[in-house]
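Listed here are the chains, written in short residue letters.
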Amino acid sequence: MKIHIADHPLITHKLTVLRDERTDSPTFRRLTEEIVTLLAYEATREVKVESVNVKTPVAMAQGLHLAKPKPVVVPILRAGLGMLEGMSRLIPTAEIGFLGMVRDEKTLQATTYANRLPEDLTGRQCYILDPMLATGGTLVAAIEFLLAKGATDITAICILAAPEGIAVLEKAFANSKVAIKLVTGALDEKLNEHGYIVPGLGDAGDRLYGVV
Ligand code: URA
């Protein structure tokens, strides 16, 4: 598994405001989108493209456009929805699938409660959006879901990751032949006894959308 931890002062600056408990929801949502756009730049470095020629007002020019089938972006509901706009801004023609997953706060086990994805993901590049890689349970379940539909190229984009979650992911897919990549804004210190990332930013879904 390839892991890319963003090392850019603009991302760290925006993350610092995101972490601050005084940051309100509208600012939190806007910053999340901005961070995702910056992370998406790295995450899509190997997006499939094809050569094309275009006529400029001056001469013919050689260029690239996104290859078909187009990539599939999969936000994990609920908090991953807050990342969708930032991703779509960079890659507006991608298709969007939805996966609803919830983790039991006691057992920390993830279960799927909703799924709106193409039946066949063979040959599709998939980008999973999930802000917090904590225990790894949700992301492992989401990746397994996409693998079962034939995906062979999966990149997870997370705002923050914990070492425990990365270890779980690496173990789960150690023998996988499928290309799996993780792009994260920062690698934090650890998880606390409730499965929250430390220092983290708290509950990403609640900070994006309020407590419901
Ligand atoms: N999910 C969150 O929203 N925050 C954490 O710290 C861990 C999981």
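Visitor: How should the environment of Ile-3 be read in this particular structure?
Guide: Within the element layout of this structure, Ile-3 appears in strand β1 (residues 2-5). Sequence separation between Ile-3 and Leu-146 is 143 residues, and the spatial gap between their C-alpha atoms is 19 Å. Contact partners of Ile-3, with chain neighbours within four places excluded, come to Ile-166, Glu-170 and Leu-182.

Visitor: Can you help me understand the site of the ligand in this one?
Guide: Surveying the vicinity of the ligand reveals the residues Arg-103, Met-132, Ala-134, Gly-195, Tyr-196, Ile-197, Gly-202, Asp-203 and Ala-204. One nitrogen or oxygen atom from the main chain of Ile-197 is found 2.8 Å from an oxygen atom belonging to the ligand. One nitrogen or oxygen atom from the main chain of Ala-204 is found 2.8 Å from an oxygen atom belonging to the ligand. Contact with the protein chains hides 89% of the accessible area of the ligand, taken as 240 Å² for the molecule alone. Looking at side-chain class alone, the shell around the ligand contains 5 nonpolar, 2 polar and 2 charged residues.

What counts and how
- Every chain's residues receive numbers from 1 upward, in the order its sequence appears when written.
- With pLDDT at 70 or above as the cut-off, local features in this predicted model cover only qualifying residues; side-chain atom pairs require 80 or more to be listed or tallied, and sums for whole chains, interfaces and linings still use all residues.
- Where side-chain values are given, they derive from all heavy atoms of the structure, hydrogens and water being excluded.
- Counting from the N terminus, the helices are DSSP H or I runs at least four residues long and the strands are E runs at least two residues long.
- When checking whether two residues touch, look at their non-hydrogen atoms; a contact exists if any pair is within 4.5 Å.
- Nearness is judged by heavy atoms alone; a residue qualifies as near a molecule or strand once a single heavy atom is within 4 Å of it.
- Here a polar contact means two N or O atoms within 3.5 Å. Within protein one must be a hydrogen donor candidate and the other an acceptor candidate, and residues neighboring in sequence count only if both atoms are side-chain atoms.
- Per-residue and other accessible areas were derived by the Shrake-Rupley procedure at a 1.4 Å probe size, with only the shown protein chains allowed to occlude residues.
- Gly is put with the polar residues, along with every residue not named as nonpolar or charged; the nonpolar set is Ala, Val, Leu, Ile, Met, Phe, Trp, Tyr, Cys and Pro, and the charged set is Asp, Glu, Lys and Arg.

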